[in-house]
Amino acid sequence: MQNLRRWTVRTARALVLAGMCLTLASFSPAAAAPEPTASPLARLRAGNERFVRGAEGAVLPAPETRRAMSDGEHPYAMVLSCTDSRVPPELVFGAGVGDLYVVRTLGQVPDRAVLASLEHGAGALHVPLLVVMGHESCAVVKAAHDGTHASSAHIEHVHKAIRAGSSHTAAEQQDLRAAILGNVEQVINDVLSGSPALRAAVTGGHLQVVGAYYEVGTGTVVFSEPVGAATATAHK
Ligand SMILES: [Zn+2]
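Residues numbered from 1 in each chain as written. Predicted model: local features only at pLDDT ≥ 70, side-chain atom pairs only at ≥ 80, totals over all residues. Heavy atoms only, no water.

**Some thoughts on the overall build of the protein**
Okay, so step 1: Each helix and strand counted, the protein has 10 helices and five strands in total.
Okay, so step 2: Here the protein holds 236 residues, and 47% of them are scored as buried.
Okay, so step 3: Restricting the contact set of the protein to residue pairs at least 6 apart, pairs at least 24 apart contribute 68%. (Helix = DSSP H or I, 4+ residues; strand = E, 2+ residues; numbered from the N terminus. Buried < 20%, exposed > 50% of the residue type's maximum accessible area, 1.4 Å probe, protein only. Contact = heavy atoms within 4.5 Å.)

Next comes the structure, spelled out in C-alpha cells:
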C-alpha cells in the first residue's frame, strides 16, 4: 500500500476549518469478525472481511424481521459513495436491509440534497457513523483529472468539485489513487464545512466520519482513522 500520509495531512488541514482536532494517521484493512457489542465501524470492517472471503451471499431479512421494519428504520452507519455499479455498499459491507443509510452520487460529490440526506440520517435517525467511500479506478475522478470534456453542465460541475481536491504536485496528478483519496478528503471537508448540523454532531460526539477506499479488484475496503469522538456509538 502506498504511503497515505499526505492524504492524512491534507484532511487534517482542511478540517481545522470545521473547528475540530483531527488525527488521521493511516488506512487499515478489514479486521476479524467483531464482538456482538462491536462499534458500527467494527461491524463494517467485519462485514467487508466476510465479503472479501466470499463467506456469505446477500443478507435477506426473515418475514418477521421485515414486518418489524415497518415501524421505522434504524441503520447503524451512513455511507456516501460513488454511483459506480461495482461498489454497492450493502454488499461490500455484508449488510442487510435496514442496516445502512446509503447516499450515492457521481464521484460521491455532495450537493444540498446530499447534505440534507446526511443531516436527516445523523439528526432524525441518530446514525452514529458516516463513511465517505471512494473506489479504485473511479472513472469520473480520472476524467476530471485528465481534463476530459464534460458532456453537460452538470457533469462539468462534478468535475470541478473533484478537481478542487486534487493533489498539487505533478507526480501526484499522475497517480489516480492519490486523486481518488484527495477527492474523498475534499468530500469530507465539503460535507462538514457545508453543514453546520453535521459539524455540530461531530463536535458533540454524536457522529464519527471516516474516509474509505474500496479496492475493486480485491473487494477490500481500507479506512482512515475516524474523525470525531469515540462516544459517537452512544446512539446504537
Ligand atoms: Zn466512481
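Now, onward.
**A few points about the coordination of the zinc ion**
Okay, so step 1: Protein ligation of the zinc ion involves C82 (SG), H135 (NE2) and C138 (SG), the donor distances falling in the range 2.0 to 2.3 Å.
Okay, so step 2: We note that the donor set of the zinc ion lies within a single chain, spaced as C-x52-H-x2-C. Here H135 lies in strand 3 (residues 129-135) and C82 lies in strand 1 (residues 77-82), a separation of 53 residues in the sequence.
Okay, so step 3: Looking at C82, the relative accessible area reads 3%, which means it is buried. (Donors = N, O, S within 2.8 Å, 3.2 Å for Na, K, Ca; no water.)

**Describing the confidence of the model for the protein**
Okay, so step 1: Looking at the protein, pLDDT values average 83 and 77% of them are 70 or higher.
Okay, so step 2: Contacts of residues 1-34 to residues separated by more than four positions or lying in other chains number 80 contacts, the stretch itself having pLDDT below 50. (pLDDT = per-residue confidence, 0-100.)

**Focus: the nonpolar core**
Okay, so step 1: If you look at the biggest cluster of nonpolar residues, it comprises 23 residues, and the most contacted ones within it are M78, L80, L118, L130, V191, L207 and V209.
Okay, so step 2: Mapped onto this core, the elements with two or more residues apiece are strand 1, strand 2 (100-105), helix 5 (112-123), strand 3, helix 9 (176-194) and helix 10 (196-203).
Okay, so step 3: With five residues, helix 9 is the single largest residue contributor to this core.
Okay, so step 4: Those residues in contact with L118, other than ones at most four positions away along the chain, are M78, L80, V103, L130, V191 and L198.
Okay, so step 5: By size, the runner-up hydrophobic cluster in this structure holds 18 residues, among which are A77, V79, A95 and Y214. (Core = buried A, V, L, I, M, F, W, Y, C linked by side-chain atoms within 4.5 Å.)

**Details of the pairing of strand 1**
Okay, so step 1: Most of strand 1 is tucked away: six of the six residues are buried.
Okay, so step 2: Taken together, the six bridges between strand 1 and strand 2 define a ladder with parallel strand orientation. Across the sheet, V79 pairs through a bridge with V102, a residue of strand 2. (Pairing = 2+ DSSP bridges.)

**Observations concerning helix 2 (residues 40-53)**
Okay, so step 1: For helix 2, built from 14 residues, the straight-helix expectation of 20 Å at 1.5 Å per residue is met to within 8% by its first-to-last C-alpha distance of 20 Å.
Okay, so step 2: Within helix 2 the residues assigned to the buried category are P40, L41, L44, R45, A46, G47, N48 and E49.
Okay, so step 3: In this structure, the buried residues of helix 2 make contact with strand 1, helix 4 (89-92), strand 2, strand 3, strand 4 (208-214) and strand 5 (221-223). (Expected span 1.5 Å × (residues − 1).)

**A few points about the packing of aromatic side chains**
Okay, so step 1: The tally for this structure, following the rule as stated, stands at one aromatic pair.
Okay, so step 2: The ring of Y76 is capped by R43, whose NZ or CZ atom sits 3.8 Å from the centre of that ring.
Okay, so step 3: Sitting over the face of the ring of Y213, R177 holds its NZ or CZ atom 4.4 Å from the ring centroid. (Phe/Tyr/Trp six-rings, centres within 6.5 Å; stacked < 30°, edge-to-face > 60°. Lys NZ or Arg CZ within 6 Å of the ring centre and 35° of its normal.)

**As for unusual backbone geometry**
Okay, so step 1: Notably, Q108 is not glycine yet its phi reads approximately 45 degrees, a positive angle.
Okay, so step 2: Within the secondary structure, Q108 sits in the loop between strand 2 and helix 5.
Okay, so step 3: Not every positive phi belongs to a glycine, and S137 is a case in point at roughly 55 degrees.
Okay, so step 4: In this structure, S137 sits in the loop between strand 3 and helix 6 (139-146).
Okay, so step 5: On the basis of relative accessible area, S137 is assigned to the partly exposed category, the value being 33%.

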